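Letter by letter, the chains look like this.
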Amino acid sequence: MSDITIRAVRPDDKERIVKAFRALDRRSVYLRFFSYRRDLSEDELRRVTESDGASEAVLVATVGSGDEETIVGLGGYVRSGAAADIAFAVEEDFQRRGIASRLLQQLARIARANGITRFEADVLAENTPMLTVLR
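As a starting point, this report considers the structure included with it. (Residues numbered from 1 in each chain as written. Predicted model: local features only at pLDDT ≥ 70, side-chain atom pairs only at ≥ 80, totals over all residues. Heavy atoms only, no water.)

Here we look at the overall build of the chain
Alright, step 1. Each helix and strand in the chain was counted, giving five helices and five strands.
Alright, step 2. When its helices and strands are written in sequence order, the chain yields β-α-α-α-β-β-β-α-β-α.
Alright, step 3. Whereas a compact globule of 135 residues would reach a radius of gyration of roughly 14 Å, the chain reaches 14 Å, a difference of no more than 12%.
Alright, step 4. Over its C-alpha atoms, taken along the principal directions, the chain stretches across nearly 35 × 35 × 30 Å.
Alright, step 5. Counting over 135 residues, the chain shows a buried share of 36%.
Alright, step 6. Of the contacts made within the chain by residues no fewer than 6 positions apart, 60% connect residues no fewer than 24 positions apart.
Alright, step 7. About 8,000 Å² of surface is accessible on the chain, with carbon and sulfur atoms providing 47% of the total.
Alright, step 8. Where the 21 positive side-chain charges of the chain centre and where its 22 negative ones centre are 4 Å apart. (Helix = DSSP H or I, 4+ residues; strand = E, 2+ residues; numbered from the N terminus. Rg over C-alpha atoms; globule rule 2.2 N^0.38 Å. Buried < 20%, exposed > 50% of the residue type's maximum accessible area, 1.4 Å probe, protein only. Contact = heavy atoms within 4.5 Å. Areas by Shrake-Rupley, 256 points an atom, 1.4 Å probe, with all protein chains shown as cover. Lys, Arg positive; Asp, Glu negative; His and termini not counted. Charge placed at Lys NZ, Arg CZ, Asp CG, Glu CD.)

Details of the pairing of strand 4 (residues 83–90)
Alright, step 1. Extensive coverage of strand 4 is indicated by the burial of six of its eight residues.
Alright, step 2. With eight bridges connecting them, strand 3 (residues 70–80) and strand 4 associate as antiparallel partners. From the neighbouring strand, G76 faces strand 4, where its bridge partner is A87.
Alright, step 3. As consecutive antiparallel partners, strand 3 and strand 4 are separated by two residues, and within that stretch G81 has a phi angle of approximately 70 degrees, a positive value.
Alright, step 4. Two strands pair when backbone bridges link them, and strand 4 and strand 5 (residues 118–120) are joined in this way by three bridges, in the parallel orientation. Bridge pairing in strand 5 links A84 to F119. (Pairing = 2+ DSSP bridges.)

What about the packing of helix 1 (residues 14–23) against helix 3 (residues 42–49)?
Packed helix pairs are specified by the crossing angle of their axes together with the interaxial distance, meaning the distance between the axes.
Alright, step 1. For the pair helix 1 and helix 3, interaxial distance at closest approach is 10 Å and the crossing angle is 120 degrees. Accordingly, the angle class assigned to the pair helix 1 and helix 3 is oblique. As for how helix 1 packs across helix 3, the hand of that crossing is right-handed. Here K14, I17 and V18 of helix 1 lie close against helix 3, whose contacting residues are L45, R46, V48 and T49.
Alright, step 2. Here the residues of the contact of helix 1 with helix 3 sort into four nonpolar, one polar and two charged. (Axes fitted to C-alpha atoms, helices over the stretch in contact; angles between N-to-C directions. Parallel < 35°, antiparallel > 145°, perpendicular 65-115°, else oblique. Left-handed = near helix turned anticlockwise from the far one by under 90°. Nonpolar A, V, L, I, M, F, W, Y, C, P; charged D, E, K, R; others polar.)

Spatial relationships are all this shows, so hold off on functional conclusions.
Structure representation (structure tokens):
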């Protein structure tokens, strides 16, 4: 297995995020966004890469380094009072390796430090891998 690095998203990740999104198969896009789509909007990219790290936090899972660094997973939350909505996407070749669980653990630490007491998520009933992670 490739070494996976979990780190905070950076503004210079926009191209890597677009590439990662386009690498997802249609089914993964549907399970994450509840619809089929080809691209993320500029507003979505800006929100993801310019999160404040407290009320909105985004982490990426990467392989490689430098110019060869590739995003293979992303997890984030958006605060709403004492709770936060959480969501994940992991590229198919890297699923079932514990990446979403690692992202969740680190996001939980960040959330606790910022006074967030619970996560909420909208998950399709057919997305059993994500339901397992959240349990």
